[in-house]
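Chain residues, written in single-letter form:
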Amino acid sequence: MFWVLLLLLAWAVAGTACTRLCLAAVRAAADDTDASQHDLTLYEAAFLSGGPRRVADLTMVSMARQRRLLLARTGWATVVDPRGRDDIERSVIGAIGPEGQSRIAPVRARAARADAVGDLGERLVDAGLAVPAGDSTTIASAVRQVRLAAPAVLGLGAVALLVPAQPDMARGLVALWFALPLALTLSCLAIARVEVHPYSRWASPAGQRLLGTLARRAGGDERTYLTCVAVRGVRAIGEPDLRAAFTHRDPA
């Protein structure tokens, strides 16, 4: 009856993951706020879309397009105008260092950890637009756990079928028993896909709705361009040289 122990373990894995997803969805619905009157800034849109690193990327792209920061396709950032117009720009300039030149990758990392970006995140959390940093009860993290539970159930079922056949249970029935927790995980993923998609690591449901309104805005001005970068990241950069500056990797 070794397969029964494996079945109980499969049910425990599937049940725990699906319960966590349901509780996360209920919590998100309970914490949902009406933020329709909040007009997102570009920095806020970047944070809700991709977190602190996205804010750093947006800032560098904005400064580069204003010729106040030079981003070379070889992966170097050079300060042209050392006077930042706000705290986040000053954080990026400070992350480059006193020599005025640095690799882009460490600049992104240091700027993302700056106090100005942290304060921006705290304000969004207080407004109900962002999830708290390190929160392990978000829908995104719960969905990841359910996605891991599905192959785990499959693996346990495969092990049970590899065990020598038991005289009181055919292999087909063993497989059927393991199909039940697998069906539970897959159905939870399907329901989550319909009801709560997209799964955001940074934005709350209210924040996601505001991001949706930004995505529907059309236009061809500079703010629209930067909004695309804030929401979609560096892949939305139109200039090949500027995009290459962020994607450049040194040879090993």
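As shown above, the structure is provided for reference.
Residues numbered from 1 in each chain as written. Predicted model: local features only at pLDDT ≥ 70, side-chain atom pairs only at ≥ 80, totals over all residues. Heavy atoms only, no water.

*Asks:* Tell me what's going on with the nonpolar core, and back it up with residues and numbers.
*Replies:* Formed by 45 residues in total, the largest nonpolar core has its most connected members in Phe-47, Leu-48, Met-60, Val-61, Leu-71, Ile-237 and Phe-246. Looking at which element gives the most residues to this core, the answer is helix H3 (residues 52-65), with seven residues. Dropping the residues within four chain positions of it, Val-61 is found in contact with Tyr-225, Leu-226, Val-229, Ile-237, Leu-242 and Phe-246. By size, the runner-up hydrophobic cluster in this structure holds 13 residues, among which are Ala-17, Val-143, Val-146 and Ala-149. (Core = buried A, V, L, I, M, F, W, Y, C linked by side-chain atoms within 4.5 Å. Buried < 20%, exposed > 50% of the residue type's maximum accessible area, 1.4 Å probe, protein only. Helix = DSSP H or I, 4+ residues; strand = E, 2+ residues; numbered from the N terminus. Contact = heavy atoms within 4.5 Å.)

*Asks:* Give a detailed account of a nonpolar patch on the surface, specifying residues and quantitative values.
*Replies:* On the surface, a nonpolar cluster with roughly 480 Å² of combined accessible area is contributed by Trp-11, Leu-173, Leu-176, Trp-177 and Leu-180. In terms of residue count, helix H8 (residues 171-195) provides more of the nonpolar patch than any other element does, four residues in total. With respect to the helices and strands, the residue Leu-180 is situated in helix H8. (Patch = residues over 30% accessible without salt bridge, like charges linked within 9 Å, V, L, I, M, F, W, Y side chains within 5 Å. Areas by Shrake-Rupley, 256 points an atom, 1.4 Å probe, with all protein chains shown as cover. Salt bridge = Lys/Arg side-chain N within 4 Å of Asp/Glu carboxyl O.)

*Asks:* Report on the pattern of salt bridges, specifying residues and quantitative values.
*Replies:* Going through the model one piece at a time under the given rule, you end up with seven salt bridges. Glu-239 is the partner of Arg-65 in a salt bridge, and the nearest nitrogen-oxygen pair spans 2.4 Å. Here Glu-239 lies in the loop between helix H10 (222-232) and helix H11 (240-247) and Arg-65 lies in helix H3, a separation of 174 residues in the sequence. Judged by relative accessible area, Arg-65 falls into the partly exposed class, the value being 26%. Overall, the relative accessible area of 30% leaves Glu-239 in the partly exposed class. Bridged by salt links that share partners, the residues Arg-65, Glu-222 and Glu-239 form one connected network.

*Asks:* Can you explain helix H4 (residues 87-96)? Please cite residues and give values.
*Replies:* Among the ten residues that make up H4, seven are buried, leaving the element largely enclosed by the rest of the structure. Listed in full, the buried residues belonging to H4 are Ile-88, Glu-89, Ser-91, Val-92, Ile-93, Ala-95 and Ile-96. Its side-chain oxygen at 3.1 Å from the backbone nitrogen of Ile-88, Asp-86 defines the N-terminal cap of H4. Positive backbone phi, approximately 105°, marks Gly-97, located one or two places after H4. (Polar contact = N/O pair within 3.5 Å; in protein donor to acceptor, adjacent residues only side chain to side chain.)

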